[in-house]
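Observations on the three-dimensional arrangement
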Amino acid sequence: MRKRRYASLALCGILLAGSLWGCAGKTEPAPAATAQEKQESKADESLPSEGTSENTAGGTAADSEPVVLRMAWWGNQKRNDITVEALNLYTQMHPNVTFETEPSDWSGYFDKLATQAATGNLPDIIQQDYNRLTPFYQKGQLMNLQPYVDSGVINTEGIAQSVLDSGSYDGELYALCNGLTSRCLVYDKEVVEEAGVTIPDQMTWDEFFEISKTIHEKTGVQTYFLEKDICDNLYRSAGMPLYASDGKSLSGEDDALLVRLFTMGKQAMDEGWHVSPETLVEKNPEVVETMPIMDKTTWNSFTNSNQYSVLCSTAGRELGITMYPKSADAVKNPVYLKPSQFFGGSATTEHPEVVADVINFLVTSVEANQILKGERGTPVSASVLEVLKADLSDTERTSYDFIDQVVKIATPADPPSPSGASEVTQVMSDYMEQVRYGLITPEDAAAAVFKEANDILSSTN
């Protein structure tokens with residue numbers, strides 16, 4: 001029994017429990033996962049005897065033979081710096097273990113992993129995304145962490161079971177969640193104040209449009225929104241996930257919600273308050289340093305709450321933070337808590353026990369998390385959270401307080417996206433660009449996406 005658990009983490013567990021696979025049994029495992037079988041054999045050979053492992057960082061990286069581990073993640077420069085610092089600390093504790101780091105930004109990260117997987121060259125430790133885990137599970141590309149949980153190499157004390165379930169497949173842990181986060185709207189306080197508008201704790205999309213129009217009229221500053229996130233939000237507001245439970249189609253019997261999505265995009269462009277497609281090419285909103293909010297090209301950005309501190313630091317000013325909007329006719333609140341990222345190991349790693357120990361160190365060690373400081377999300381370990389809350393900067397405390405507010409209204413997260421979801425997202429983005437340029441009507445764009453998305457999903461799953 002877990003004796004200590006922060007109230008917010010317990011609630012996170014309750015809120016996530018209904019949707020976080022536990023459960024992934026609905027998806028059939030790959031019939032032949034030879035790499036996984038090979039890795040599990042290695043795990044059996046390398047596991048310490050029961051009762052001999054220590055629940056401290058690095059307690060099981062026992063042998064003194066030199067070990068070089070490759071680790072890959074996406075993120076901004078701050079994440080790169082603090083991750084390297086944490087890995088250096090691990091090396092100080094275990095001089096025989098060193099790291100080759102492979103950081104990159106989000107764009108192209110999973111294409112690179114797919115290429116590495118295809119050539120049998122995955123990094124030993126991989127940062128993973130909740131919505132991208134399914135293919136890695138199915139293809140047997142992730143090492144099974146469960147034996148190392150059972151032996152105590154990975155310490156799950158004080159981590160909600162639902163958080164563990166979020167990285168589990170067929171009842172076994174394959175990826176350990178490294179933080180909880182929520183989608184949020186970040187805004188420029190100075191621009192909002194100049195426009196004389198008030199940002200509520202959670203607005204409707206209609207209110208968001210009116211606020212955007214007013215800000216543009218009063219200040220000339222434009223707005224940005226991401227079509228994929230709005231699409232998820234519209235479906236959740238309507239009481240359904242974006243994808244059907246079997247992963248073979250979008251949810252719903254028609255394209256009505258897609259028509260609403262593309263109509264919103266057209267209205268925003270026609271009224272002049274949304275940034276142009278050309279601006280989005282110049283100022284990539286998916287990279288912190290180039291987000292258009294940084295130089296006040298836009299008054300807002302949509303992001304994850306764990307990015308709030310680095311956004312404020314990069315912008316050089318305190319930004320506001322509020323919840324994602326919802327539809328005026330929402331049947332449920334679309335806001336949810338989500339695992340921000342995971343750490344997993346490659347099924348072909350030659351050092352599975354050390355990989356498990358490093359993952360444990362990064363997620364559950366107080367020393368490591370005093371360096372990482374929740375940049376990847378609110379820590380999932382109650383003991384780590386307790387220590388960090390006593391020593392937070394103002395912006396870090398703001399992001400933690402935001403999660404506490406989300407806990408009060410959040411509804412369960414959707415299951416991980418099925419295979420083919422990234423292609424669907426690209427199709428949606430391509431058609432939204434055509435709508436913004438006036439090359440296609442919202443109705444025709446919606447019909448095309450509905451058909452193409454369902455074709456992609458039915459042929460992939």
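This one's a predicted model, so the numbers in the text were calculated from it and none came from an experiment.

Reading the values: rules and limits
- Residues numbered from 1 in each chain as written.
- Predicted model: local features only at pLDDT ≥ 70, side-chain atom pairs only at ≥ 80, totals over all residues.
- Heavy atoms only, no water.
- Helix = DSSP H or I, 4+ residues; strand = E, 2+ residues; numbered from the N terminus.
- Buried < 20%, exposed > 50% of the residue type's maximum accessible area, 1.4 Å probe, protein only.
- Contact = heavy atoms within 4.5 Å.
- Areas by Shrake-Rupley, 256 points an atom, 1.4 Å probe, with all protein chains shown as cover.
- Phe/Tyr/Trp six-rings, centres within 6.5 Å; stacked < 30°, edge-to-face > 60°.
- Core = buried A, V, L, I, M, F, W, Y, C linked by side-chain atoms within 4.5 Å.
- Salt bridge = Lys/Arg side-chain N within 4 Å of Asp/Glu carboxyl O.
- Pairing = 2+ DSSP bridges.
- Axes fitted to C-alpha atoms, helices over the stretch in contact; angles between N-to-C directions.
- pLDDT = per-residue confidence, 0-100.

Looking at the overall build of the chain
- Within the chain, the secondary structure is distributed over 19 helices and 10 strands.
- Looking at the chain residue by residue over its 461 residues, the buried ones come to 57%.
- Considering only contacts in the chain between residues 6 or more positions apart, those separated by 24 or more positions represent 78%.
- Roughly 18,800 Å² of accessible area belongs to the chain as shown, and the carbon and sulfur atoms make up 48% of that amount.

Thoughts on the packing of aromatic side chains
- This structure, assessed with the given rule, holds 20 aromatic pairs.
- With centroids separated by 5.6 Å and ring planes inclined at 70°, the aromatic side chains of W106 and F110 adopt a geometry described as edge-to-face.
- Pairing W205 with F302 gives two aromatic rings, centres 6.1 Å apart and planes at 50°, and the pair type is tilted. A residue pair is termed long-range when its members are at least 10 positions apart, and W205 in helix 9 (residues 205-219) and F302 in strand 8 (residues 300-304) qualify at 97 residues. When sorted by exposure, W205 lands in the same class as F302, which is buried.
- Through a chain of ring-to-ring contacts, three or more aromatic side chains come together here, namely W205, F208, F209, F225, W273, W299, F302 and Y324.

Remarks on the nonpolar core
- Core analysis: the largest hydrophobic core is formed by 69 residues, its most contacted members being F208, I215, L250, L258, L261, F262 and W299.
- Per element, the largest residue contribution to this core is 8 residues, and it comes from helix 19 (residues 442-460).
- Once residues within four sequence positions are removed from consideration, F262 is found in contact with M428, Y431, M432, V435, P442, A445, A446 and V449.
- Within the second largest apolar cluster, 56 residues are counted, among which are M71, L145, V149 and A356.

Remarks on the environment of Y243
- Looking at where Y243 falls in the secondary structure, it is placed in the loop between helix 10 (227-237) and helix 11 (256-270).
- Considered as a pair, Y243 and D232 are 11 residues apart in the sequence and their alpha carbons are 9.2 Å apart.

Overview of the pattern of salt bridges
- For the structure shown, the criterion picks out 18 salt bridges.
- Between D329 and R260 there is a salt bridge, with its nearest N and O atoms 3.2 Å apart. On the criterion of sequence distance, the pair formed by D329 in the loop between strand 9 (319-323) and strand 10 (338-345) and R260 in helix 11 is long-range, its members being 69 residues apart.
- The shortest N-O distance in the salt bridge between D455 and K451 comes to 2.8 Å. Linking D455 with K451, this pair stays in helix 19, spanning 4 residues, or about one helical turn.
- Here the residues in one salt-bridge network are D188, E190, K296 and R317, joined through shared partners.

Some remarks on the sheet that holds strand 7 (residues 183-188)
- In spatial order, the strands read 8-7-9; together these 3 strands make up an open sheet with antiparallel pairing. Two strands in the sheet have a free side with no partner beyond their single neighbour: strand 8 and strand 9. Taken pair by pair, the neighbouring strands of this sheet meet at an average axis angle of 35°, ignoring direction.
- As judged from the 5 bridges shared by strand 7 and strand 9, these two strands associate in the antiparallel manner. Residue pairing in the sheet places V186 in a bridge with I321 of strand 9.

Digging into the confidence of the model for the chain
- Overall, the predicted model of the chain reaches an average pLDDT of 87, with 86% of residues at or above 70.
- Scored below 50 in pLDDT, residues 1-43 shows 106 contacts in the model against residues more than four places distant or in partner chains.
- The low-confidence segment residues 48-60, where pLDDT is below 50, has 28 contacts with residues more than four positions distant or belonging to other chains.

Description of the sheet that holds strand 1 (residues 67-74)
- With respect to topology, 5 strands assemble into an open sheet ordered 2-1-3-10-6, the strand pairing being mixed. Of all strands in the sheet, those bounded by a partner on one side alone are strand 2 (97-104) and strand 6 (176-181). Here the strands of the sheet are splayed against their neighbours by 20° on average, with no regard to which way each runs.
- Where strand 6 lies against strand 10, 5 bridges are found, and the strand directions are antiparallel. Within strand 10, the position partnered with C177 by the bridge is F342.
- Helix-sheet contacts for helix 3 (residues 77-93) involve strand 1, strand 2, strand 3 (125-128) and strand 10, and the interaxial angle to strand 2 is about 170°.

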